[in-house]
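A look at the structure
Here's the letter readout for the chains.
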Amino acid sequence: MPRLFDVLLCGTQIYFDNGTEQSIIGFLSARRVANDSLEDAVLRARHDVLIDWNHTYNADRKLGVPKLTTVQVQAANKWLHRNPTEDFYFFDSEQRKQEHLALILDSARPWWRLRKRRPG
């Protein structure tokens with residue numbers, strides 16, 4: 001029986017100009033994957049992120065293929081953990097990356113633990 005895993009990936013080495021002084025240097029994306037092993041779950045999440053990347057942002061193939069690294073993998077319980085958001089969180093600095101990372105990790109907490117408030 002497959003287990004659920006929450007996989008958090010970081011994509012870098014993309015060419016994304018956002019019209020400001022600092023261009024986008026990468027993104028974070030989380031996926032919930034049902035698989036028998038942790039290694040296969042990571043491979044499946046990487047595949048899903050690349051498919052979403054190409055269909056959503058890279059249809060003309062000008063942004064490049066991101067280099068994906070695994071930030072975190074953890075086993076998840078379907079009934080006790082929230083689903084992670086499957087959005088792309090783009091960052092232009094290490095500070096912004098850490099802010100997105102905290103937001104993603106906080107959003108996937110078990111339902112009974114209170115969420116932190118967003119800064120702002």
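In short, a report on the structure. Fair warning: this is a prediction, and the values are worked out from it, not measured in the lab.

Membership of the largest hydrophobic core comes to 17 residues, with the highest contact counts inside it found for Phe-16, Phe-27, Trp-53 and Phe-90. Within the residue set of this core, elements represented by two or more residues are β1 (3–16), β2 (24–35) and α1 (38–56). Within the second largest apolar cluster, eight residues are counted, among which are Leu-8, Cys-10, Tyr-89 and Leu-101.

Read from one edge of the open sheet, four strands run β3-β1-β2-β4, paired in antiparallel fashion. Each edge of the sheet is formed by a strand with only one pairing partner; in this case those strands are β3 (67–76) and β4 (89–91). Across the sheet, the axes of successive neighbouring strands diverge by a mean angle of 20 degrees, strand direction being ignored. As judged from the three bridges shared by β2 and β4, these two strands associate in the antiparallel manner. Looking at the pairing, Leu-28 lines up with Tyr-89 of β4. Strands β1, β2, β3 and β4 of the sheet are contacted by α1, whose axis makes an angle of about 130 degrees with β2.

This paragraph deals with the packing of aromatic side chains. Counted under the stated rule, the structure contains nine aromatic pairs. Seen from their ring centres, Trp-53 and Phe-90 are 6.4 Å apart, and the 50 degrees between their planes marks the pair as tilted. In this pair, Trp-53 is assigned in helix α1 and Phe-90 in strand β4, connecting sequence segments 37 residues apart. Take Trp-53 and Phe-90: they sit in the same class, and that class is buried. Pairwise contacts between aromatic rings join Phe-27, Trp-53, Tyr-57, Phe-88 and Phe-90 into one cluster. It is Arg-31 that lies over the ring of Phe-88; its NZ or CZ is 5.8 Å from the centre.

Since there are 3.6 residues in each turn of an α-helix, residues three or four apart along the chain are aligned in direction. With 19 residues, α1 extends 27 Å from end C-alpha to end C-alpha; this agrees with the ideal 27 Å at 1.5 Å per step. Looking at α1, one finds that the buried residues are Ala-41, Val-42, Ala-45, Val-49 and Trp-53. Looking down the long axis of α1, one finds its buried residues gathered within 105 degrees of arc, a one-sided arrangement. Away from its buried face by more than 90 degrees, α1 exposes Glu-39, Leu-43 and His-55. Buried residues along α1 sit in contact with β1, β2, β3 and β4.

Rules and cut-offs
- Residues numbered from 1 in each chain as written.
- Predicted model: local features only at pLDDT ≥ 70, side-chain atom pairs only at ≥ 80, totals over all residues.
- Heavy atoms only, no water.
- Core = buried A, V, L, I, M, F, W, Y, C linked by side-chain atoms within 4.5 Å.
- Buried < 20%, exposed > 50% of the residue type's maximum accessible area, 1.4 Å probe, protein only.
- Helix = DSSP H or I, 4+ residues; strand = E, 2+ residues; numbered from the N terminus.
- Pairing = 2+ DSSP bridges.
- Axes fitted to C-alpha atoms, helices over the stretch in contact; angles between N-to-C directions.
- Contact = heavy atoms within 4.5 Å.
- Phe/Tyr/Trp six-rings, centres within 6.5 Å; stacked < 30°, edge-to-face > 60°.
- Lys NZ or Arg CZ within 6 Å of the ring centre and 35° of its normal.
- Expected span 1.5 Å × (residues − 1).
- Arc of directions from axis to C-beta.

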